[in-house]
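# Observations on the model geometry
In case you want the letters, here they are:
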Amino acid sequence: MKALRILIEGWVTSFRYPAFISGFQPTLPVPPLSTIYGIISAAKGDLVTPKDLSVGYVFSHQGKAVDLETIYELSGLQGKSNVIKREFLVNPEIYLYLDDLDYQEYFKRPYYPLLLGRSTDLVSISEIKEIELEKQKNVKLGKTILPFGLSGAFGTIQALPTHFTNTIPRKAVGTKPFILMNQFFDYSDECYYDAEKDWGVWFHK
Amino acid sequence: MSEIIYDFTGNPFVDAGIWAISEWSNKKPNELNKKDFKGIIDDVVKLYLSKKWSKNIYSIFPNNPITNPSVKNKEERYLGILNELIEEIVPLGKSGDCISCGRRDVTHRSGKDKIPLTGSGKLINYFSYGVDGADYCPACAFAVQFSPLTMYACGKLLLIHSNSEKIMKIWSRKAIKNINKQLASGEFTGCFNEEYTNPKNALFHIIQDMVLEYDVRWINEAPSINCYHFTNYNQGPDLDIYHVPTPIFKFLAYVPQHEKFEDWLKIVRRGYRFVNWEKIKNEKEYKNNPNTVYDNLLKGKSIIKYFIDRKNKEAIGGWDLLSHYLEEVRNMDEKRIDVIKKVGDELADYIKTADDIKTLKKLETANNYRNYRNLLRIIIKKRIENKAENPLFSFDDYVNHLFPEGNLTWRETQDLILFRIYEVLHDWIIQQGISEELIVEEDEMEAENV
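This write-up is about the structure you can find in this document. (Residues numbered from 1 in each chain as written. Chains lettered and ligands numbered in written order. Predicted model: local features only at pLDDT ≥ 70, side-chain atom pairs only at ≥ 80, totals over all residues. Heavy atoms only, no water.)

### Overview of the side chain of Arg118(A)
Within the fold, Arg118(A) resides in the loop between helix H2 (104-108) and strand S7 (123-132). Beyond its immediate sequence surroundings of up to four residues, Arg118(A) is in contact with Val12(A), Ser14(A), Glu69(A), Arg86(A) and Phe88(A). (Helix = DSSP H or I, 4+ residues; strand = E, 2+ residues; numbered from the N terminus. Contact = heavy atoms within 4.5 Å.)

Structure follows, in structure tokens:
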């Protein structure tokens, strides 16, 4: 299958657990699908959902740390500052795979600035490439989000949405349990394979 | 439409609650119905109102009727809330905006008085678009009310969440059994408490109990465990997350069947810090001390050095246990393990045959990659002079297996070779006598390794 592979790089990022809203803010080990559809929507300048496009990705980073962050707690129109601890990932890198080649135009000239995780986490596009993906068995798969119950996969299990609506307030859509697999494992069944990178790509349909 | 109310959600608080109700009602999660919910609430609310439980509930659901001192008719008020949620529960559908199950719609948003670690409804900017709470459907919000039944008191509270149904079942059964004991004796002690205050030690204790008590083929189950150590106090809610990946769980499940299980317990004991073992009388005196073996396992760091007793020149656990750890937990290539073992054997043979204890000392104390490589080169030369039949290692073994990442992994290789030499030559080394000078240098070496 022909696919588009886009390399996205940044300095720092943090992906919030949707269930933990107050106190310490840990980061998920890999981005949820909603973050991926968010960045694609920003590039296109319009809402993109799993109905429009199938995506796969391989995410890595070079370390994790905790920072103190000032937040302003709003109570009506009044706000008071507070400090929370937020975990963040350093030097994030995503190889994003899209099954629609037309999207390369959006990533060449993104409509909105591209942000990953927090609204301050600016990222850049380092490479856009059309590639051929073959289906193959016995590949290394991981560093991504996978459907719950996928044979051999392990990692943090979380209920995560696939995307959000563009209504106000936004609503989470497609929430279900996912495996956040932050390392590679040997996957014996068939899946798409990027020979150049020597890893499997799991497309979320 | 399906009549199933609960399925695995992936939300730790909701899943813990579902398994607690399930175990209390003695039914599978997907068999639960509204009648079961009605049947459980009176007993659980009475339990929560006991002094010890109410103290725990205060750190889980601040400002709910059980814990809010201004509420006088606590039982009636909390039962009212639970009954209202039951009335609103609908079976799982195909879609919905609940952020837990995603298969039902939200009717009322929930704050931290109903869902732990969810912001207070008043501080609206914790929520997207400044809404006044988190989007949980009535069924998921109801389930969370029962999550305290399976929590573990450990300083703060520990919530266990796993992808494995067996783990969830075993753990909820154990916790509910503890509650049944409290009910039978009339002594309410609160959430399951075994006097652990160190969450990491508690987690490994819980896993060890599970693998020792229950006969499960964990290799087929492939469980991983997430542990949430938290408080939900109004002032300073806090959270630490510990993740036990499948390879570590499988290793911990395998160890008790191994003939060297006692040695594994010795390795774990070596991990405890700030313990004077000569003065220890019982487990209580050290079980909450920090343990570097556990810490390293959770951080994905190596514990190889705990298999090596440098002071007594002893390999603890044997090569078979160590190589299982390397393969399962460190994901080390089988071929690399074999090559290191073979080189360790050859070096042990050379040291003994040439009666060259000085070379062992040099292998132990080499403190950089260049020195270590040079030392191996000298040994190769000496072996050739001694007309050794086989080379110490081939070029391929050296580049691909012994030091695959050169300077980055040489310490690991040094430790593994040393382990093997100690294992093979332990009796011979003892016969030679361990000099004081050597011991001092070992301690220095260990300090440098830390």
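### Overview of the packing of helix H2 (residues 34-49) of chain B against helix H4 (residues 74-88) of chain B
Residues and elements named next belong to chain B. Axis separation between H2 and H4 bottoms out at 10 Å; the angle between their running directions is 155°. With respect to H4, the element H2 is oriented roughly antiparallel. In this structure, the crossing between H2 and H4 has a hand that is right-handed. Touching Lys 34, Phe 37, Lys 38, Ile 41, Asp 42, Val 45, Lys 46, Tyr 48 and Leu 49 of H2 are Lys 74, Glu 75, Tyr 78, Leu 79, Leu 82, Asn 83, Ile 86 and Glu 87, all from H4. For the contact of H2 with H4, the residue count by class is 9 nonpolar, 1 polar and 7 charged. (Axes fitted to C-alpha atoms, helices over the stretch in contact; angles between N-to-C directions. Parallel < 35°, antiparallel > 145°, perpendicular 65-115°, else oblique. Left-handed = near helix turned anticlockwise from the far one by under 90°. Nonpolar A, V, L, I, M, F, W, Y, C, P; charged D, E, K, R; others polar.)

### A look at the pattern of salt bridges
Considering all chains together, one arrives at 36 salt bridges over all chains under this definition. Between Lys171(A) and Asp135(B) there is a salt bridge whose closest N-O contact spans 3.7 Å. With Lys171(A) in the loop between strand S11 (163-164) and strand S12 (172-173) and Asp135(B) in the loop between H4 and helix H5 (138-144), this pair bridges two chains. On the basis of relative accessibility, which here comes to 22%, the residue Lys171(A) falls in the partly exposed class. Given the relative accessible area of 11%, Asp135(B) is considered buried. Notably, a salt bridge pairs Lys266(B) with Glu314(B), separated by 3.5 Å at the nearest N-O pair. One end of the pair, Lys266(B), is in helix H10 (residues 261-271); the other, Glu314(B), is in strand S7 (residues 314-315), and 48 residues separate them in sequence. Judged by relative accessible area, which is 24%, Glu314(B) ranks as partly exposed. One salt-bridge network, held together by shared partners, links Arg5(A), Glu127(A), Lys129(A), Asp194(A) and Glu196(A). (Salt bridge = Lys/Arg side-chain N within 4 Å of Asp/Glu carboxyl O. Buried < 20%, exposed > 50% of the residue type's maximum accessible area, 1.4 Å probe, protein only.)

### What to know about the interface of chain A and chain B
How big an interface is tends to be stated in terms of accessible area lost as the parts join. At the junction of the two partners, chain A supplies 30 residues and chain B supplies 42 residues. Approximately 3,100 Å² of surface area, both sides summed, lies buried where chain A meets chain B, with 58% of it carried by carbon and sulfur atoms. Its largest share of buried area at the contact with chain B, chain A owes to Phe20(A), Ile21(A) and Ser22(A), together 19% of the area lost on that side. Summed over the shared surface of chain A and chain B, the result is 3 salt bridges. Across the contact surface, chain A and chain B share 3 residue pairs in polar contact (both at pLDDT 80 or more). Where the side of chain A that touches chain B is concerned, the elements lending two or more residues are strand S4 (64-75), strand S10 (156-160) and strand S13 (176-187) of chain A. Top element by residues in the side of chain A that touches chain B is S4(A). It accounts for 5 residues. Grouping the amino acids of the side of chain A that touches chain B by side-chain chemistry returns 18 nonpolar, 7 polar and 5 charged. (Buried area = accessible area lost by both parts, 1.4 Å probe. Polar contact = N/O pair within 3.5 Å; in protein donor to acceptor, adjacent residues only side chain to side chain.)

### Description of helix H6 (residues 165-185) of chain B
Note: α-helices contain 3.6 residues per turn, so residues at a spacing of three or four share the same orientation. Residue and element names in this part refer to chain B. With 21 residues, H6 ought to run about 30 Å at 1.5 Å a step, and its terminal C-alpha atoms sit 30 Å apart, in line with that. Taken as a whole, H6 has its buried residues at Ile 167, Met 168, Ile 170, Trp 171, Ser 172, Lys 174, Ala 175, Ile 176, Asn 178, Ile 179 and Gln 182. Of the residues flanking the start of H6, the one acting as N-cap is Ser 164, its side-chain oxygen 3.2 Å from the backbone nitrogen of Lys 166. Just downstream of H6, Gly 186 is the residue with a positive phi angle, here 75°. (Expected span 1.5 Å × (residues − 1).)

### Quick word on the sheet that holds strand S9 (residues 139-147) of chain A
All names here are of chain A. Taking strand neighbours across the sheet as the criterion, the 3 strands line up as S9-S13-S10 in an open arrangement whose pairing is antiparallel. Taken across any chain shown, the strands that pair with only one partner, and hence form the sheet edges, are S9 and S10. On average, each strand axis in the sheet is inclined to that of its neighbour by 25°, with strand direction left out of account. As defined by bridge partners, S9 adjoins S13 across 8 bridges and the pair is classed as antiparallel. Bridged to Val 139 within S13 is Tyr 187. (Pairing = 2+ DSSP bridges.)

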